Structures are given as structure tokens and as C-alpha cells.
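What the coordinates show
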Amino acid sequence: MSESPSTNKPTPPSIWRTLSGAVVAGTIAFPLAKLSSKIAQSFAEHPFTSDNQTAVKIAIALKTLVVGLSTLATGIFCMAALGLGALSIQIFWQNLTSSPTPSEPDPVDQSEQSS
């Protein structure tokens with residue numbers, strides 16, 4: 001019932017999966033960058049005015065939080081796109097430089113053949 005960890009080896013990612021992930025992350029990052037820019041521009045064009053210093057400080061903190069979080073989300077998706085793009089290049093390079101090795105027979109197949 002319990003399987004040994006050696007039989008469930010994860011398969012390495014393919015070039016196409018990493019490239020498609022990079023494209024998706026980049027596609028999400030671009031509108032997020034535009035949105036972050038619009039949010040920051042909107043806050044700059046419409047300053048909060050009040051005689052109450054506490055209200056002004058809270059408004060500044062909220063503006064900073066909103067712009068910071070939107071910029072953080074943009075940065076995360078940009079870094080994911082760059083990382084996945086670099087990974088696809090690395091996998092491509094490894095496929096080019098590695099010499100083909102003869103495939104080893106599966107240990108499960110060997111035990112079935114000897115029976």
C-alpha cells in the first residue's frame with residue numbers, strides 16, 4: 001500500500017512547460033505594471049487634504065500600502081517570468097550539451113522478466 005519514495009521520482013520540467021509558464025507570468029505582469037502605475041499616478045493627482053494630522057498619516061500609510069502591494073505583485077510575476085525563461089534556456093542548453101546515454105531498464109521490468 002505504501003510506495004517507496006524511490007519509485008515516485010519527479011519528472012524534470014520540459015522546455016515548453018517552462019516557456020509557457022514564463023509567457024503566462026509575463027502576460028499577468030504587464031497589466032499589473034500598468035495598474036500599479038495608474039494607482040500611483042491617481043494617488044499623486046488626488047492628494048488627501050485634512051486638518052487632522054492623524055487622518056493625513058493614516059491616508060499616507062494606506063496609499064503606501066496599496067502602491068507597495070501592487071508593485072510587489074508586479075515584481076513577483078516579473079521575477080517568475082524571468083526565472084522560468086532562464087530555466088527554459090538552461091534546460092535547452094543542457095539538452096544540447098549532454099550526450100545521449102543508453103536508457104537503463106526499469107527495475108520493475110527486470111523483476112517481471114526474471115519471474
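First, a word on scope: everything that follows refers to the structure included in this document.

Cut-offs applied
Residues numbered from 1 in each chain as written. Predicted model: local features only at pLDDT ≥ 70, side-chain atom pairs only at ≥ 80, totals over all residues. Heavy atoms only, no water. Helix = DSSP H or I, 4+ residues; strand = E, 2+ residues; numbered from the N terminus. Buried < 20%, exposed > 50% of the residue type's maximum accessible area, 1.4 Å probe, protein only. Contact = heavy atoms within 4.5 Å. Areas by Shrake-Rupley, 256 points an atom, 1.4 Å probe, with all protein chains shown as cover. Axes fitted to C-alpha atoms, helices over the stretch in contact; angles between N-to-C directions. Parallel < 35°, antiparallel > 145°, perpendicular 65-115°, else oblique. Left-handed = near helix turned anticlockwise from the far one by under 90°. Nonpolar A, V, L, I, M, F, W, Y, C, P; charged D, E, K, R; others polar. Expected span 1.5 Å × (residues − 1). Patch = residues over 30% accessible without salt bridge, like charges linked within 9 Å, V, L, I, M, F, W, Y side chains within 5 Å. Salt bridge = Lys/Arg side-chain N within 4 Å of Asp/Glu carboxyl O. Polar contact = N/O pair within 3.5 Å; in protein donor to acceptor, adjacent residues only side chain to side chain.

**Looking at the overall build of the chain**
Looking only at helices and strands, one finds three helices and zero strands in the chain. The secondary structure elements of the chain, listed N-terminal to C-terminal, are α-α-α. Expressed as a percentage of the 115 residues in the chain, the buried residues total 13%. Intrachain contacts of the chain at a sequence separation of at least 6 include 80% that bridge at least 24 residues. Surface accessibility of the chain: about 9,400 Å² in total, with carbon and sulfur atoms responsible for 67%.

**With respect to the packing of helix 1 (residues 15–45) against helix 2 (residues 53–97)**
Close contact between helix 1 and helix 2 brings their axes to 8 Å; oriented N to C, the two are set at 160 degrees. Compared by their axis directions, helix 1 and helix 2 come out roughly antiparallel. Taken as a pair, helix 1 and helix 2 cross one another with a handedness that is left-handed. For the contact of helix 1 with helix 2, the class distribution of residues is 22 nonpolar, ten polar and one charged.

**Section: helix 1**
Between its first and last C-alpha atoms helix 1 spans 45 Å; for 31 residues at 1.5 Å apiece the expected length is 45 Å, and the two agree. Along helix 1, the residues that are buried comprise I15, T18, A22, A25, A29, L32 and S36. The inward-facing, buried residues of helix 1 abut helix 2.

**Describing a nonpolar patch on the surface**
A surface patch of nonpolar side chains, amounting to about 590 Å² of accessible area, comprises I58, L62, L65, L69, L72 and I76. Relative to the elements of secondary structure, L65 occurs in helix 2.

**Let's talk about the environment of F48**
Counting through the fold element by element, F48 comes out in the loop between helix 1 and helix 2. Accessibility expressed as a relative area gives 42% for F48, which makes it partly exposed. Expressed as a C-alpha distance, the spacing of F48 and I60, which sit twelve residues apart in the sequence, is 8.2 Å. Residues within four places of F48 in sequence aside, it is in contact with A55, V56, A59 and K63.

**Notes on helix 2**
Taking 1.5 Å of rise per residue, the 45 residues of helix 2 would be expected to cover 66 Å, and the 64 Å separating its terminal C-alpha atoms lies within 8% of that figure. Every buried residue of helix 2 is accounted for by V56, A59, S70, T74, A81, G85, S88 and I91. Contacts from the buried residues of helix 2 go to helix 1. Measuring from the side-chain oxygen of the N-cap residue of helix 2 to the backbone nitrogen of T54 gives 3.1 Å; that N-cap residue is N52.

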